[in-house]
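# Observations on the model geometry
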Amino acid sequence: MRTEEPDHSSRSPLVRAGRFITFEGGEGAGKSTQLRRLGERLSDQGIEIVVTREPGGTPTAEAIRSYVLSGAAEPLGAEGETMLFAAARADHVDRVIRPAILRGAFVLCDRFIDSTRAYQGADGVDPELIDQLEALAIGDMRPHLTLMLDVPAEIGLARAAARRGADGADRFERETIDRHEARRQIFLGIAAREPERCVVINAMQAEDDVAADIWQAVMSRLLTQAD
Ligand code: TYD
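In this report, we go over the structure that sits alongside the text.

Basis of the calculations
- Residues numbered from 1 in each chain as written.
- Predicted model: local features only at pLDDT ≥ 70, side-chain atom pairs only at ≥ 80, totals over all residues.
- Heavy atoms only, no water.
- Near = heavy atom within 4 Å.
- Areas by Shrake-Rupley, 256 points an atom, 1.4 Å probe, with all protein chains shown as cover.
- 1 Å grid on protein atoms, 1.4 Å probe; cavity = no way out; pocket = protein on both sides within 12 Å on 5 of 7 lines; lining within 4 Å.
- Sits in = over half its atoms within 2 Å of the grid points.
- Helix = DSSP H or I, 4+ residues; strand = E, 2+ residues; numbered from the N terminus.
- Nonpolar A, V, L, I, M, F, W, Y, C, P; charged D, E, K, R; others polar.
- Points joined across faces, edges and corners; volume = space filled by probe spheres on them.
- Phe/Tyr/Trp six-rings, centres within 6.5 Å; stacked < 30°, edge-to-face > 60°.
- Buried < 20%, exposed > 50% of the residue type's maximum accessible area, 1.4 Å probe, protein only.
- Axes fitted to C-alpha atoms, helices over the stretch in contact; angles between N-to-C directions.
- Parallel < 35°, antiparallel > 145°, perpendicular 65-115°, else oblique.
- Left-handed = near helix turned anticlockwise from the far one by under 90°.
- Contact = heavy atoms within 4.5 Å.

In this section: the site of the ligand. The environment of the ligand is made up of 16 residues, and the closest members are Glu27, Lys31, Arg111, Thr116 and Gln120. Protein burial of the ligand: of its 550 Å² of free accessible surface, 92% is covered by the chains. Here the ligand occupies the largest pocket. Residue contributions to the shell around the ligand peak at four residues, all from helix H4 (residues 113-122). Residue classes in the shell around the ligand are distributed as five nonpolar, three polar and eight charged.

See the structure below:
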């Protein structure tokens, strides 16, 4: 699909075009808090922000989210779950992400393609199948910047359990520490292979320091100073 470039002449002098930023990382890395903080900071610059998440972001994708996270899709196997994530993603990209980018907004998305690589990849799904479904689901809508919030699996899981309180763990949180550590290594491998897109953020730091590192990455990679 081709659409004319939007006119950004009336917007913040710092920014000229829509940008797609994804937050990735294991359980308890603090993605949601940091995503909210970055959104507020970008809004202060006069930039339109769209905050969204995966799986989810549209009514259909949210329904798929509930179904998969409940564990109801487990009998389909990891490949079947991967297809459901891809179907949800395609709907989300078509209805929310692409339109927002085309009108010049910044889209901040909690998890995206790298979560499929890390989670379904660690569950044994063939990377080639993941590649094919990814291409179908996102087309040309690759993130401009991916912030990988990195924390050792043991610490992230303890944080996620504390946050959850009495509520039960979801389908993916229930996995072993080894599986979570394998996911972390996949995230770090992606960041090493795609340094032009990905920045690893040390999420063991205090919340303010994590936010400062994220702002630095966004400033240096996406926000161009006015001439
Ligand atoms: P969520 O509550 O959003 O987790 P978190 O707070 O850790 O981000 O639940 C999303 C879960 O879905 C999470 O365990 C990761 C998993 N997931 C996949 O397995 N594959 C995917 O492609 C995506 C987007 C998420």
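Let us look at empty space enclosed by the protein. With the rule as written, the count across this model stands at two cavities of 30 Å³ or more. The wall of the largest cavity is formed by 18 residues, among which Gly25, Gly26, Val151, Arg184 and Phe187 lie closest to the centre. Among the secondary structure elements, those contributing two or more residues to the lining of the largest cavity are strand E4 (145-150), helix H6 (153-164) and helix H7 (177-193). A total of five residues in the lining of the largest cavity trace back to one element, the largest contributor, which is H7.

Turning our eyes to something else, we now look at the packing of aromatic side chains. Each aromatic ring pair is specified by the distance between its two centres and by the angle formed by the two planes. Across all of its chains, the model carries four aromatic pairs by this definition. Consider the rings of Tyr119 and Phe172, whose centres lie 5.9 Å apart with planes at 85°: the pair is edge-to-face. A residue pair is termed long-range when its members are at least 10 positions apart, and Tyr119 in helix H4 and Phe172 in the loop between H6 and H7 qualify at 53 residues. You can call Tyr119 buried: its relative accessible area is 5%. The class of Phe172 is buried, set by a relative accessible area of 5%. Ring geometry for Tyr119 and Phe187: centres 6.5 Å apart, planes at 70°, overall edge-to-face. Placement of the pair is Tyr119 in helix H4 and Phe187 in helix H7, with a sequence separation of 68 residues. The pair formed by Tyr119 and Phe187 is uniform in burial state, with each residue classed as buried.

Next up on the list: the packing of H4 against helix H5 (residues 127-138). It is at 11 Å that the axes of H4 and H5 come closest, and there the two elements cross at 155°. One element, H4, and the other, H5, form an angle in the roughly antiparallel class. Both H4 and H5 take part in a crossing whose hand is right-handed. Contact residues: H4 offers Ile113, Thr116, Arg117, Gln120 and Gly121, while H5 offers Ile130, Asp131, Glu134 and Ile138. Of the residues assigned to the contact of H4 with H5, the class counts are three nonpolar, three polar and three charged.

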